[in-house]
Amino acid sequence: AAQHRCTKMADDTEKAILYAFDQSGAVAPELRQRALAFLQDVQASPEAWKACVGRYQSTGYPEVRFWCLQTLADAVARRPHLPAPDAADAPALRAAVASWVHEACVRCDPPVPPFIKNKLAQVTAFLVRDEYPSQWPRFFHELIGLLSAGGEGAADVFCRILDAVDEEVISTGDTLHA
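As the structure is a computational prediction, the values presented were derived from the model and not from experiment.

> Outline the packing of helix α4 (residues 62–76) against helix α6 (residues 114–131), supporting the account with residue identities and numerical values.
Two numbers describe how α4 lies on α6: the axes approach to 9 Å, and their chain directions differ by 20 degrees. It follows from the interaxial angle that α4 and α6 lie roughly parallel. The element α4 and its partner α6 pack so that their crossing is left-handed. Across the interface between the two elements, Pro62, Arg65, Phe66, Leu69, Gln70, Leu72, Ala73 and Val76 from α4 touch Phe115, Ile116, Lys119, Leu120, Gln122, Val123, Phe126, Leu127, Arg129 and Asp130 from α6.

Below, the structure is given as structure tokens:
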């Protein structure tokens, strides 16, 4: 029964994300507002980031992936309204993000949309801010290694991540972490 509730919850979450992101006007305003309120409740859960990791990997909807990345970015950036992943969960989150970065480098049919690459780069930058060099000492070696993953896509993702690290870490002066 618990498994069924998790599946239903994921289905409800995905529907709510699609309703919230609808730009066609097909979703009634009150339904859109209910979807947004539901998503705020999901984000407030201490396990929200874990649900986002699983949902990102299982969905085919770019809107859902974007929402998952935004929720992760807010959690990792330690936004006051969202619980952050704890230190014990950091390796799993780091591994998931690293695998998504690799996917963004090599996937070409269909390619990862630019807005997903940008948000993925931002999440990566927040992780770097918090975990480099103490928890993720090989980050820059791994990032450079992505360039061998495949041509234009890898160079694009590499540059987006460097830009995000500059914007979110270096330019903010938050180099105490990194």
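Structure shown, so let's carry the discussion forward.
> Quick rundown of the nonpolar core? Include the residues and the values.
Ranked by size, the top nonpolar core spans 45 residues in total, and within it Leu72, Leu93, Val97, Trp100, Leu120 and Ile161 carry the most contacts. Elements supplying a minimum of two residues to this core: α1 (2–21), α2 (29–44), α3 (48–58), α4, α5 (90–106), α6, α7 (139–146) and α8 (151–170). By residue number, the principal contributor to this core is α6, which donates eight residues.

> Residue-level account of the packing of aromatic side chains, with values.
Scanning all chains against the criterion turns up six aromatic pairs. Their ring planes at 55 degrees and their centres at 5.8 Å tell us that Phe66 and Phe115 sit as a pair that is tilted. Of this pair, Phe66 sits in helix α4 while Phe115 sits in helix α6, placing them 49 residues apart in sequence. For Phe115, a relative accessible area of 40% translates into the label partly exposed. Members of the aromatic cluster, each reached through a chain of ring pairs, are Tyr132, Trp136, Phe139 and Phe140. A cation over an aromatic ring shows up here: Arg65 above the ring of Tyr56, its NZ or CZ 4.2 Å from the ring centre.

Cut-offs applied
- Residues numbered from 1 in each chain as written.
- Predicted model: local features only at pLDDT ≥ 70, side-chain atom pairs only at ≥ 80, totals over all residues.
- Heavy atoms only, no water.
- Axes fitted to C-alpha atoms, helices over the stretch in contact; angles between N-to-C directions.
- Helix = DSSP H or I, 4+ residues; strand = E, 2+ residues; numbered from the N terminus.
- Parallel < 35°, antiparallel > 145°, perpendicular 65-115°, else oblique.
- Left-handed = near helix turned anticlockwise from the far one by under 90°.
- Contact = heavy atoms within 4.5 Å.
- Core = buried A, V, L, I, M, F, W, Y, C linked by side-chain atoms within 4.5 Å.
- Buried < 20%, exposed > 50% of the residue type's maximum accessible area, 1.4 Å probe, protein only.
- Phe/Tyr/Trp six-rings, centres within 6.5 Å; stacked < 30°, edge-to-face > 60°.
- Lys NZ or Arg CZ within 6 Å of the ring centre and 35° of its normal.

Read these as layout, nothing more, since geometry by itself doesn't imply function.
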